[in-house]
Each structure stands twice: as structure tokens, then as C-alpha cells.
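# Notes for the structure review
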Amino acid sequence: MIRILAFVISIAGMFGCATERFGNFESNAPSGLHEGIAADTIHHLEKIYPPAQTQFNFGQSIPKSDRFGMLLVDSLRAKGYAVKEYSPKQSVSGTGLRLQYVIDKPSINVPDLYRIKLKIDDVTLTHAYEAKNNTALSAGAWAKME
């Protein structure tokens, strides 16, 4: 019950922010967590955006130290998605969907609770995970806001 309440509060708090910052703000999380979140994210994206028919244009730079970001890019390509990485010199307009993400902890104090927020053009997908035994366990359903 506390996980559901924490998830609902974190989702509500997430949409109240006026300025959006994107990136992985939990780079010190267990590596298994990033791998689990990346695998589940790809699995969910496959249900909505078909591989070999979708191009994702990243709207943020992904540093080499961002384990999740690197896994996401590599996994998208391996599944057959076209991926255009961010370049400040090039426009991300044109074909494809603009993709940005945030990995963070909700503002409430629940240990081992992490959240991913994907912004794909005007659609926002959010999911919470609990870190247990160096892996990511789902802490609720994917939420979608259009």
C-alpha cells in the first residue's frame, strides 16, 4: 500500500515542475537497476512504437558515464529503431520523435524507490521501480500523459 501511495504522490509531484531537467540523476544507483529499467523501458516502447518504423531523436546529450542512457541507445538500435543522438549543432526537427528522459528519486523519502520519466514529443510516460538485490522491480504500472 505504501508503494502505491508513494507512486501516486511522485507522479503528482512530477507534473508540478515548471522547468524540466533531463538526464540520469541517480548515476550512483546499482548497475543492475539501470539495466533492469532500460530493458523494461525498451519492452514498453515496443508496445507503443514499432521497431523498424520509428526514429527516436534524442533531445539531450548522454554522457559516457550515464549507464542507463548508453544502454537505452544501444538497446533501441539492437531492437531495430533508428536513433539520432543529440548534437547541439543540429536541429532535432524533421522526421522522428524527440526523446528525452529523467531517472531520479521521487521527492518523497522512500528508500530504494526510483522513477523514470520519458518524454516523447508531447507524450510523457512514467514508471516507478524498487531496487532490490541489484535489480529493478516494478513498483506500479506505466502512466501516460498526453
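The structure we're discussing is the one just above.
In this report, we go over the structure that sits alongside the text. Numbering of residues starts from 1 in each chain and follows the order in which that chain's sequence is written. Per-residue local features are limited, in this predicted model, to residues with pLDDT of at least 70; the limit for side-chain atom pairs, both in listing and counting, is 80 or more; totals at the level of whole chains, interfaces and linings are taken over all residues. Side-chain metrics in this entry use all non-hydrogen atoms of the structure; hydrogen atoms and water are not considered.

On to the overall build of the chain, then. Scanning the chain for helices and strands turns up 3 helices and 8 strands. Counting from the N terminus, the helices are DSSP H or I runs at least four residues long and the strands are E runs at least two residues long. Overall, the chain shows an N-to-C arrangement of helices and strands of α-β-α-β-α-β-β-β-β-β-β. Using a 1.4 Å probe on the protein chains alone, a residue whose accessible area is under 20% of its type maximum counts as buried, one over 50% counts as exposed, and one in between counts as partly exposed. By the burial criterion, 42% of the 146 residues in the chain qualify as buried. When contacts within the chain are restricted to residue pairs at least 6 apart in sequence, those whose partners lie at least 24 apart make up 60%. Values of accessible area rely on a 1.4 Å probe in the Shrake-Rupley scheme; residue burial ignores everything except the protein chains shown. Within the structure as shown, the chain displays about 8,000 Å² of accessible surface, and the carbon and sulfur contribution to it stands at 52%. Note on contacts: a residue pair is in contact if any heavy atoms of the two residues lie within 4.5 Å.

Next up on the list: the nonpolar core. Of all hydrophobic cores here, the largest spans 30 residues; its most connected members are L45, F58 and L76. Counting residues per element, the ones that place at least two in this core are α2 (31–48), β2 (55–58), α3 (67–78), β4 (97–104), β5 (113–120) and β6 (123–132). Beyond its immediate chain neighbours, meaning those up to four positions away, L45 contacts F56, L76, Y81, L118, I120 and L125. The term nonpolar core refers to a set of buried residues drawn from Ala, Val, Leu, Ile, Met, Phe, Trp, Tyr and Cys, joined through side-chain atoms within 4.5 Å.

Let's shift gears to the pairing of β5. Among the 8 residues in β5, 7 count as buried, and that is most of the element. Strands pair, by our definition, only if DSSP identifies at least two bridges between them. Taken together, the 6 bridges between β4 and β5 define a ladder with antiparallel strand orientation. Residue pairing across strands places L99 opposite I120, the latter belonging to β5. With 8 bridges joining them, β5 and β6 adopt antiparallel strand pairing. If you follow I116 over to β6, its bridge partner there is H127.

Mapped onto the elements, T124 comes out in strand β6. A relative accessible area of 9% places T124 in the buried class. Here the alpha-carbon distance between T124 and K144, two residues 20 residues apart in the chain, equals 5.7 Å.

A separate point is the pattern of salt bridges. We count a salt bridge whenever a side-chain nitrogen from Lys or Arg sits within 4 Å of a carboxyl oxygen from Asp or Glu. Taken as a whole and judged by the stated rule, the model has 6 salt bridges. Here K79 and E46 are joined by a salt bridge, their closest N and O atoms 3.7 Å apart. Of this pair, K79 sits in the loop between α3 and β3 (82–84) while E46 sits in helix α2, and the two are 33 residues apart along the sequence. Ionic pairing is found between R115 and D104, a salt bridge with its closest N-O pair at 2.8 Å. Of this pair, R115 sits in strand β5 while D104 sits in strand β4, and the two are 11 residues apart along the sequence. By the burial criterion, R115 is buried, and D104 matches it.

Let us now look at the packing of aromatic side chains. Note on aromatic contacts: the rings of Phe and Tyr and the six-membered ring of Trp form a pair at centre separations within 6.5 Å, being stacked when their planes are under 30 degrees apart, edge-to-face when over 60 apart, and tilted otherwise. Considering all chains together, one arrives at 3 aromatic pairs under this definition. Pairing Y49 with F56 gives two aromatic rings, centres 5.7 Å apart and planes at 80°, and the pair type is edge-to-face. Comparing Y49 with F56 shows no difference in burial state: the two are buried. Note on F56 and Y81: the rings are 5.3 Å apart at their centroids and 40° apart in plane angle, and the pair reads as tilted. Residue F56 is found in strand β2, and its partner Y81 is found in the loop between α3 and β3; the two are separated by 25 residues along the sequence. Given a relative accessible area of 0%, F56 falls into the buried group. Classification of Y81 by relative accessible area gives buried; the value is 4%. Aromatic ring contacts, followed pair by pair, group Y49, F56 and Y81 into a single cluster. Between the NZ or CZ atom of K105 and the centre of the ring of Y114, over which it lies, the distance is 4.8 Å. Counting as a charge over the ring demands two things of the Lys NZ or Arg CZ atom: a distance within 6 Å of the ring centre and an angle within 35 degrees of the ring normal.

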